[in-house]
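Spelled out, the chains give:
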Amino acid sequence: MSAGAKGDGDGWVEMPDGTRRWGRYGAAGLLLHAPDPRGGRCVLLQHRAAWTHQGGTWGLPGGALDSGESAVDAALREFGEEVAGELDAIEVTGVHRAGSSLWHYDTVLAAAPRAGEYAPGNAESEAVRWVRLEEVPGLPLLPAFGQTWPRLCAALPARLDLVVRAGPVLERAGAAATPERTAALRDALAGLARDGLPAAELPRGLGLPALDRWFPRVRLETAVPVDPAPGVRIAAEGEHGADGGAGSAVLTVAGARGPGTAPPEWLLERTGAPAPGSGQQVAL
């Protein structure tokens, strides 16, 4: 869905209890975290100007979503408007949603390779600074951010690693493992890495924290050499190297069944490929 006119999300939503929320289509903010030079990790927080709604508190750079805008696009746009400084090559890992069908706030979790230098980008911020994780609860936090912080903090190290074995997937799709079909599978996986997977559609038992959407790191294992794509690493078939790491959950798509696996049909449904035997042209 394409985004609507810039700024068409600005406006208040009246809640049943008489309170108001900013953002006609909801709101989003960026929770950026990075290694702390003193050890551990830190997050970038915004000290809200006194004149703003719930001013004087600490929270995330963020604001209203425009119509048709994704949470990630909105969070990055608002960050660029409210924070001065170059955003390093970040890795979006997940989205936490709080709220209801009437109004929601999406927190976009993203890892930065280093704690870069940032400053207020407009009058909405008194300050922008990196804060060690253990120091966050001691700040006067925006109430809604304070309520979700324990869950957000617990989710920071978590990652979803998606390992896809091309052979069984292409076979189930009714496609030969040609370079063209393998490249099409790679491109479909790049789309999943970019757009993310709803947590409700993931198999149970992965042990991931309760987020609304996960953005997987993808490894495609294939006997047919293809170039990598954004978000997709290529490995030779049978090269089952070390996956994940601390806080990571590994989901393998292959012919075998068992804990931490999903069948090829699960992936085909999410890449738009037609079911085998449907008579439609195979997309992969």
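Here, the structure is the one placed above.
About the thresholds
- Residues numbered from 1 in each chain as written.
- Predicted model: local features only at pLDDT ≥ 70, side-chain atom pairs only at ≥ 80, totals over all residues.
- Heavy atoms only, no water.
- Pairing = 2+ DSSP bridges.
- Helix = DSSP H or I, 4+ residues; strand = E, 2+ residues; numbered from the N terminus.
- Axes fitted to C-alpha atoms, helices over the stretch in contact; angles between N-to-C directions.
- Parallel < 35°, antiparallel > 145°, perpendicular 65-115°, else oblique.
- Contact = heavy atoms within 4.5 Å.
- Nonpolar A, V, L, I, M, F, W, Y, C, P; charged D, E, K, R; others polar.
- Core = buried A, V, L, I, M, F, W, Y, C linked by side-chain atoms within 4.5 Å.
- Buried < 20%, exposed > 50% of the residue type's maximum accessible area, 1.4 Å probe, protein only.
- 1 Å grid on protein atoms, 1.4 Å probe; cavity = no way out; pocket = protein on both sides within 12 Å on 5 of 7 lines; lining within 4 Å.
- Points joined across faces, edges and corners; volume = space filled by probe spheres on them.
- Expected span 1.5 Å × (residues − 1).
- Bend = angle between axes of the 7 residues up to and from the residue.
- Salt bridge = Lys/Arg side-chain N within 4 Å of Asp/Glu carboxyl O.
- Polar contact = N/O pair within 3.5 Å; in protein donor to acceptor, adjacent residues only side chain to side chain.

### Remarks on the sheet that holds strand β18 (residues 261-262)
Here we have five strands laid out as an open sheet, ordered β16-β15-β12-β17-β18, and parallel in their pairing. Pairing within the sheet leaves two strands with one partner each, and these edge strands are β16 (232-236) and β18. Examined bridge by bridge, strand β17 (residues 248-253) and β18 share two bridges and lie parallel to one another. Residue pairing in the sheet places T252 in a bridge with T261 of β18.

### A closer look at the packing of helix α4 (residues 179-195) against helix α5 (residues 264-271)
Here α4 crosses α5 at 75°, and the two axes come no closer than 10 Å. The orientation of α4 with respect to α5, classified from their angle, is roughly perpendicular. Between α4, through L185, A188, L189 and L192, and α5, the contact on the second element is made entirely by L267, R270 and T271. Of the residues in the contact of α4 with α5, the class split is five nonpolar, one polar and one charged.

### Examining the nonpolar core
Of all hydrophobic cores here, the largest spans 47 residues; its most connected members are L45, F145, W149, L189, W266 and L267. Listing elements by their share of this core, those giving two or more residues are β4 (41-48), α2 (143-155), β12 (159-165), α3 (166-172), α4, β15 (217-222), β17 and α5. Per-element tally for this core: the top contributor is α4, with five residues. Residues contacting W266, with those up to four places away along its chain left out, are L162, L197, E201, L202, P203, L251 and V253. L65, A71, V95 and F215 belong to the second largest nonpolar core, which has 22 residues in total.

### Concerning the layout of surface pockets
Roughly 1100 Å³ of internal volume is contained in the largest pocket. Contributing to the lining of the largest pocket are 40 residues, with W22, R48, W103, Y105 and L142 lying nearest its centre. Contributing elements (two or more residues each) for the lining of the largest pocket: β2 (20-22), β4, β6 (62-64), α1 (71-82), β8 (91-99), β9 (104-111) and α2. Of the residues belonging to the lining of the largest pocket, the class tally is 14 nonpolar, 15 polar and eleven charged.

### Things to note about the pairing of β9
The buried fraction of β9 is high, at seven of eight residues. In the sheet, strand β3 (residues 27-35) pairs with β9 via seven bridges, with the strands oriented parallel. Looking at β9, one finds that L32 is bridged to A110. Strand direction decides the pairing type here: β8 and β9, joined by eight bridges, are antiparallel. From the neighbouring strand, G94 faces β9, where its bridge partner is L109. The turn linking β8 back onto β9 is made up of four residues.

### Some thoughts on α2
Helix length check: α2 (13 residues) gives 19 Å between terminal C-alpha atoms against 18 Å at 1.5 Å per residue, within 8%. Taking the largest bend as the criterion, α2 deviates by roughly 50°, centred on W149, and proline P150 comes between one and four positions later. Of the positions making up α2, those classed as buried are F145, T148, W149, L152 and A155. Tucked inside the fold, the buried residues of α2 contact β3, β4, β5 (58-59), β8 and β9.

### A closer look at the pattern of salt bridges
Opposite charge on two side chains permits them to pair, given that their charged atoms come into close proximity. Summed over the entire model, instances satisfying the criterion amount to 18 salt bridges. A salt bridge links E91 to R159; the shortest N-O distance between them is 2.4 Å. Here the residue E91 occupies a position in strand β8, and R159 occupies one in strand β12, the gap between them amounting to 68 residues. By relative accessible area, which is 33% here, E91 ends up partly exposed.

### Overview of the side chain of E221
Relative to the elements of secondary structure, E221 occurs in strand β15. Taking the relative accessible area as the measure of exposure, E221 reaches 2% and is therefore buried. Side chain to side chain, E221 and R165 meet in a polar contact 3.1 Å long.

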